[in-house]
Amino acid sequence: MADVQPYRKSFSFEDGYILETTYRAFCPLESLWQSNSYVRIGKDVFIILDIKEWSDYVELYLYRCKPDFALEVEE
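Residues numbered from 1 in each chain as written. Predicted model: local features only at pLDDT ≥ 70, side-chain atom pairs only at ≥ 80, totals over all residues. Heavy atoms only, no water.

Turning our eyes to something else, we now look at the overall build of the protein chain. When you go through the protein chain residue by residue, the secondary structure sums to zero helices and five strands. Along the protein chain, helices and strands appear, N-terminal first, in the series β-β-β-β-β. Buried residues in the protein chain amount to 24% of all 75 residues. Contacts in the protein chain between residues at least 24 apart in sequence constitute 41% of all its contacts with a sequence separation of at least 6. For the protein chain, the accessible area works out to roughly 5,900 Å², and carbon and sulfur atoms hold 50% of it. (Helix = DSSP H or I, 4+ residues; strand = E, 2+ residues; numbered from the N terminus. Buried < 20%, exposed > 50% of the residue type's maximum accessible area, 1.4 Å probe, protein only. Contact = heavy atoms within 4.5 Å. Areas by Shrake-Rupley, 256 points an atom, 1.4 Å probe, with all protein chains shown as cover.)

As structure tokens, this is what we get:
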């Protein structure tokens, strides 16, 4: 469960790449999220660029992957 909201923030990397986050998600603190993990919201796949932990929730900064990005799901 997450409250997903539109959001804009740029992340710059030393090799000149700049990624623009397009959403952020607020989740319960006990959620098991890891940086560099992927999240599927509807038909879109996002990578978690950053996680901020607050007193009772976590805030995830999400970057939308290209539409042809394939995410395999283990069952």
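Turning our eyes to something else, we now look at the environment of D56. For D56, the location among the structural elements is in the loop between β4 (44-53) and β5 (57-64). By relative accessible area, which is 55% here, D56 ends up exposed. Here the alpha-carbon distance between D56 and L29, two residues 27 residues apart in the chain, equals 5.4 Å. Each residue touching D56, except ones within four places of it in the same chain, is listed here: P28 and L29.

Now for the sheet that holds β4. Strand order in this open sheet of five strands is β1-β2-β5-β4-β3, and the pairing throughout is antiparallel. Each edge of the sheet is formed by a strand with only one pairing partner; in this case those strands are β1 (3-12) and β3 (38-41). Each strand of the sheet is rotated relative to its neighbour by a mean of 40 degrees, with strand direction disregarded. Note that β4 and β5 share seven bridges and pair antiparallel. (Pairing = 2+ DSSP bridges. Axes fitted to C-alpha atoms, helices over the stretch in contact; angles between N-to-C directions.)

Summed over all chains, the structure comprises two salt bridges. For D44, the salt bridge is made with R64, and the minimal N-O distance between the two is 2.7 Å. You can see D44 sitting in strand β4 and its partner R64 sitting in strand β5, a full 20 residues away along the chain. (Salt bridge = Lys/Arg side-chain N within 4 Å of Asp/Glu carboxyl O.)

Our focus in this paragraph is the pairing of β3. In terms of strand pairing, β3 meets β4 through four bridges, oriented antiparallel. By the bridge assignment, Y38 is partnered in β4 with I47.

In summary, soluble globular proteins display a tendency toward joint burial of nonpolar side chains. Among the nonpolar cores identified, the biggest contains eight residues, and these are A25, C27, V39, F46, I48, V58, L60 and L62. Sorting the residues of this core by element identifies β2 (18-28), β4 and β5 as the ones contributing at least two each. Top element by residues in this core is β5. It accounts for three residues. For L62, the residues in contact, after removing those within four places along its chain, are T21, T22, Y23, A25, I41, F46, I47 and I48. (Core = buried A, V, L, I, M, F, W, Y, C linked by side-chain atoms within 4.5 Å.)

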